[in-house]
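Analysis of the macromolecular model
Listed here are the chains, written in short residue letters.
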Amino acid sequence: MQTRSLAARKRIALVAHDHKKGELIDWAHYNRDVLAQHELYATGTTGTLLERKVDAPVHKLLSGPLGGDQQIGALIAEGRIDMIIFFWDPMETQPHDSDVKALIRLAVAWNILIACNRSTADFILTSALMKLPYEAQLTDYSGYLKRIIPE
Ligand SMILES: O=C(CO)COP(=O)(O)O
(Lines give C-alpha, C1' and ligand atoms only; values in the text may rest on other atoms or scores of the structure.)
Protein backbone atom coordinates (compact mmCIF):
# COMPACT_ATOMS: atom_id res chain seq x y z
CA MET A 1 0.00 0.00 0.00
CA GLN A 2 1.40 3.36 -1.03
CA THR A 3 1.17 6.10 1.56
CA ARG A 4 1.90 9.80 1.88
CA SER A 5 3.52 10.98 5.12
CA LEU A 6 1.99 13.96 6.87
CA ALA A 7 4.30 15.61 9.42
CA ALA A 8 3.01 16.93 12.74
CA ARG A 9 3.20 20.36 11.14
CA LYS A 10 0.57 20.23 8.41
CA ARG A 11 0.57 22.17 5.16
CA ILE A 12 -2.85 23.75 4.99
CA ALA A 13 -4.43 25.59 2.04
CA LEU A 14 -7.19 28.05 2.87
CA VAL A 15 -9.57 29.24 0.15
CA ALA A 16 -12.93 31.00 0.17
CA HIS A 17 -15.27 32.41 -2.44
CA ASP A 18 -16.22 36.05 -1.98
CA HIS A 19 -19.49 35.47 -0.08
CA LYS A 20 -17.72 32.98 2.18
CA LYS A 21 -14.58 34.98 2.87
CA GLY A 22 -16.02 36.60 6.00
CA GLU A 23 -16.86 33.17 7.43
CA LEU A 24 -13.41 31.75 6.67
CA ILE A 25 -11.56 34.77 8.04
CA ASP A 26 -13.66 34.67 11.21
CA TRP A 27 -12.97 30.93 11.60
CA ALA A 28 -9.24 31.42 10.96
CA HIS A 29 -9.02 34.29 13.46
CA TYR A 30 -10.80 32.17 16.11
CA ASN A 31 -8.34 29.33 15.42
CA ARG A 32 -5.26 31.50 14.87
CA ASP A 33 -3.19 29.87 17.63
CA VAL A 34 -3.64 26.40 16.16
CA LEU A 35 -3.18 27.59 12.58
CA ALA A 36 0.07 29.36 13.51
CA GLN A 37 1.58 25.95 14.33
CA HIS A 38 1.17 24.87 10.72
CA GLU A 39 2.32 26.01 7.28
CA LEU A 40 -0.36 28.08 5.56
CA TYR A 41 -1.13 28.54 1.88
CA ALA A 42 -4.00 30.50 0.33
CA THR A 43 -5.35 31.78 -2.94
CA GLY A 44 -4.46 35.44 -3.51
CA THR A 45 -7.37 37.45 -2.14
CA THR A 46 -8.15 35.02 0.66
CA GLY A 47 -4.46 35.09 1.64
CA THR A 48 -4.28 38.87 1.78
CA LEU A 49 -7.30 38.97 4.10
CA LEU A 50 -5.96 36.07 6.19
CA GLU A 51 -2.58 37.63 6.85
CA ARG A 52 -4.29 40.48 8.69
CA LYS A 53 -6.16 38.11 11.01
CA VAL A 54 -3.78 35.21 11.55
CA ASP A 55 -0.45 35.84 13.20
CA ALA A 56 1.47 33.62 10.82
CA PRO A 57 3.03 33.86 7.38
CA VAL A 58 0.81 32.77 4.47
CA HIS A 59 2.17 31.54 1.14
CA LYS A 60 -0.03 33.51 -1.24
CA LEU A 61 -0.78 31.97 -4.64
CA LEU A 62 -2.58 33.62 -7.54
CA SER A 63 -6.19 34.67 -7.10
CA GLY A 64 -8.51 31.69 -7.59
CA PRO A 65 -10.09 32.70 -10.91
CA LEU A 66 -6.64 33.61 -12.27
CA GLY A 67 -5.11 30.20 -11.58
CA GLY A 68 -4.84 29.98 -7.78
CA ASP A 69 -7.14 26.95 -7.52
CA GLN A 70 -5.09 25.18 -10.16
CA GLN A 71 -1.86 26.06 -8.33
CA ILE A 72 -3.23 24.38 -5.21
CA GLY A 73 -4.27 21.41 -7.34
CA ALA A 74 -0.71 21.17 -8.66
CA LEU A 75 0.70 21.31 -5.13
CA ILE A 76 -1.64 18.46 -4.15
CA ALA A 77 -0.51 16.35 -7.10
CA GLU A 78 3.12 16.99 -6.10
CA GLY A 79 2.43 15.92 -2.49
CA ARG A 80 3.03 19.42 -1.10
CA ILE A 81 -0.37 20.10 0.54
CA ASP A 82 -1.90 18.01 3.35
CA MET A 83 -5.23 19.69 3.89
CA ILE A 84 -7.64 22.20 2.34
CA ILE A 85 -10.13 24.41 4.10
CA PHE A 86 -12.24 25.47 1.14
CA PHE A 87 -15.39 27.46 1.87
CA TRP A 88 -16.89 27.46 -1.62
CA ASP A 89 -20.17 29.16 -2.33
CA PRO A 90 -23.06 26.75 -3.03
CA MET A 91 -25.37 29.61 -4.04
CA GLU A 92 -23.40 31.22 -6.85
CA THR A 93 -21.77 30.03 -10.04
CA GLN A 94 -18.14 31.07 -10.47
CA PRO A 95 -16.36 32.01 -13.69
CA HIS A 96 -13.84 29.32 -12.80
CA ASP A 97 -16.27 26.57 -11.73
CA SER A 98 -14.27 24.05 -13.75
CA ASP A 99 -11.16 24.91 -11.69
CA VAL A 100 -13.11 24.55 -8.44
CA LYS A 101 -14.34 21.13 -9.52
CA ALA A 102 -10.82 20.13 -10.58
CA LEU A 103 -9.41 21.14 -7.19
CA ILE A 104 -12.02 19.15 -5.26
CA ARG A 105 -11.47 16.20 -7.58
CA LEU A 106 -7.69 16.18 -6.98
CA ALA A 107 -8.24 16.43 -3.21
CA VAL A 108 -10.34 13.26 -3.37
CA ALA A 109 -8.00 11.52 -5.82
CA TRP A 110 -5.02 12.07 -3.48
CA ASN A 111 -6.88 11.47 -0.20
CA ILE A 112 -6.33 15.04 0.99
CA LEU A 113 -8.25 16.28 4.01
CA ILE A 114 -10.84 18.75 2.77
CA ALA A 115 -13.35 20.81 4.72
CA CYS A 116 -15.95 22.65 2.67
CA ASN A 117 -17.83 24.09 5.63
CA ARG A 118 -17.17 25.40 9.11
CA SER A 119 -18.33 22.37 11.10
CA THR A 120 -16.06 20.03 9.17
CA ALA A 121 -13.19 22.49 9.56
CA ASP A 122 -13.83 22.54 13.34
CA PHE A 123 -13.78 18.76 13.58
CA ILE A 124 -10.58 18.48 11.53
CA LEU A 125 -8.71 21.19 13.39
CA THR A 126 -9.57 19.70 16.80
CA SER A 127 -8.61 16.16 15.80
CA ALA A 128 -5.80 14.65 17.90
CA LEU A 129 -4.13 13.75 14.58
CA MET A 130 -3.49 17.44 13.88
CA LYS A 131 -0.55 17.29 16.30
CA LEU A 132 0.83 13.96 15.14
CA PRO A 133 2.53 12.53 12.06
CA TYR A 134 0.13 10.48 9.94
CA GLU A 135 0.40 8.05 7.04
CA ALA A 136 -2.35 8.73 4.50
CA GLN A 137 -3.17 5.70 2.38
CA LEU A 138 -3.20 6.36 -1.33
CA THR A 139 -5.32 4.74 -3.98
CA ASP A 140 -3.23 2.46 -6.18
CA TYR A 141 -3.25 4.04 -9.64
CA SER A 142 -0.60 1.69 -11.05
CA GLY A 143 -3.21 -0.24 -13.04
CA TYR A 144 -4.29 2.99 -14.68
CA LEU A 145 -0.70 4.07 -15.34
CA LYS A 146 0.16 0.70 -16.89
CA ARG A 147 -2.99 0.45 -19.02
CA ILE A 148 -2.45 -0.57 -22.61
CA ILE A 149 -3.18 2.14 -25.15
CA PRO A 150 -3.76 0.66 -28.63
CA GLU A 151 -1.39 2.29 -31.11
O1 LIG B 1 -11.89 31.84 -6.22
C2 LIG B 1 -11.40 31.33 -5.26
C3 LIG B 1 -11.47 29.88 -5.07
O4 LIG B 1 -12.15 29.20 -6.10
C5 LIG B 1 -10.70 32.13 -4.24
O6 LIG B 1 -9.79 33.00 -4.83
P7 LIG B 1 -9.37 34.32 -4.07
O8 LIG B 1 -8.94 33.94 -2.69
O9 LIG B 1 -8.24 34.90 -4.86
O10 LIG B 1 -10.59 35.22 -4.06
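Structure's up top.
The paragraphs below set out a description of the structure included in this document. Just so we're clear, the structure is a prediction, and the values are computed from it rather than from any experiment.

Basis of the calculations
Residues numbered from 1 in each chain as written. Predicted model: local features only at pLDDT ≥ 70, side-chain atom pairs only at ≥ 80, totals over all residues. Heavy atoms only, no water. Phe/Tyr/Trp six-rings, centres within 6.5 Å; stacked < 30°, edge-to-face > 60°. Helix = DSSP H or I, 4+ residues; strand = E, 2+ residues; numbered from the N terminus. Lys NZ or Arg CZ within 6 Å of the ring centre and 35° of its normal. Core = buried A, V, L, I, M, F, W, Y, C linked by side-chain atoms within 4.5 Å. Buried < 20%, exposed > 50% of the residue type's maximum accessible area, 1.4 Å probe, protein only. Contact = heavy atoms within 4.5 Å. Near = heavy atom within 4 Å. Polar contact = N/O pair within 3.5 Å; in protein donor to acceptor, adjacent residues only side chain to side chain. Areas by Shrake-Rupley, 256 points an atom, 1.4 Å probe, with all protein chains shown as cover. Nonpolar A, V, L, I, M, F, W, Y, C, P; charged D, E, K, R; others polar. Salt bridge = Lys/Arg side-chain N within 4 Å of Asp/Glu carboxyl O.

Here the focus is the packing of aromatic side chains. Scanning the model with the defined rule gives two aromatic pairs in all. Centre to centre, the rings of Trp-110 and Tyr-141 are 6.1 Å apart; their planes meet at 65 degrees, and the pair counts as edge-to-face. Here Trp-110, found in the loop between helix 5 (97-109) and strand 6 (113-115), pairs with Tyr-141, found in the loop between strand 7 (134-137) and helix 7 (142-145); they are 31 residues apart in sequence, far enough to count as distant. Above the face of the Tyr-144 ring, Arg-147 is positioned so that its terminal group lies 3.9 Å from the ring centre.

Grouped together as the largest cluster of nonpolar side chains are 22 residues, with contacts concentrated most on Ile-12, Leu-14, Trp-27, Leu-35, Leu-40, Leu-50 and Ile-85. Secondary-structure elements contributing two or more residues to this core are strand 2 (11-16), helix 1 (21-30), strand 3 (39-42), strand 5 (83-87) and helix 6 (118-125). If one sorts the elements of this core by residue count, helix 1 sits on top with four residues. Discounting chain neighbours no more than four positions away, the residues touching Leu-40 are Ile-12, Leu-14, Leu-35, Val-54, Ala-56, Pro-57, Val-58 and His-59. Counting residues in hydrophobic clusters, the runner-up holds 14 residues, among them Leu-61, Ile-81, Phe-86 and Ala-107.

Around the ligand there are 15 residues in total, and Lys-21, Thr-43, Thr-46, Ser-63 and Asp-69 lie nearest to it. In this structure, Thr-45 approaches the ligand through a main-chain N or O atom, which is 3.0 Å from an oxygen atom. Protein contact buries 97% of the 310 Å² of open area that the ligand shows by itself. Across the shell around the ligand, the residue classes tally to five nonpolar, eight polar and two charged.

With that settled, the discussion passes to the pattern of salt bridges. In total, this model carries seven salt bridges according to the counting rule given. The salt bridge involving Lys-20 is made with Glu-23; its shortest N-O contact spans 3.3 Å.

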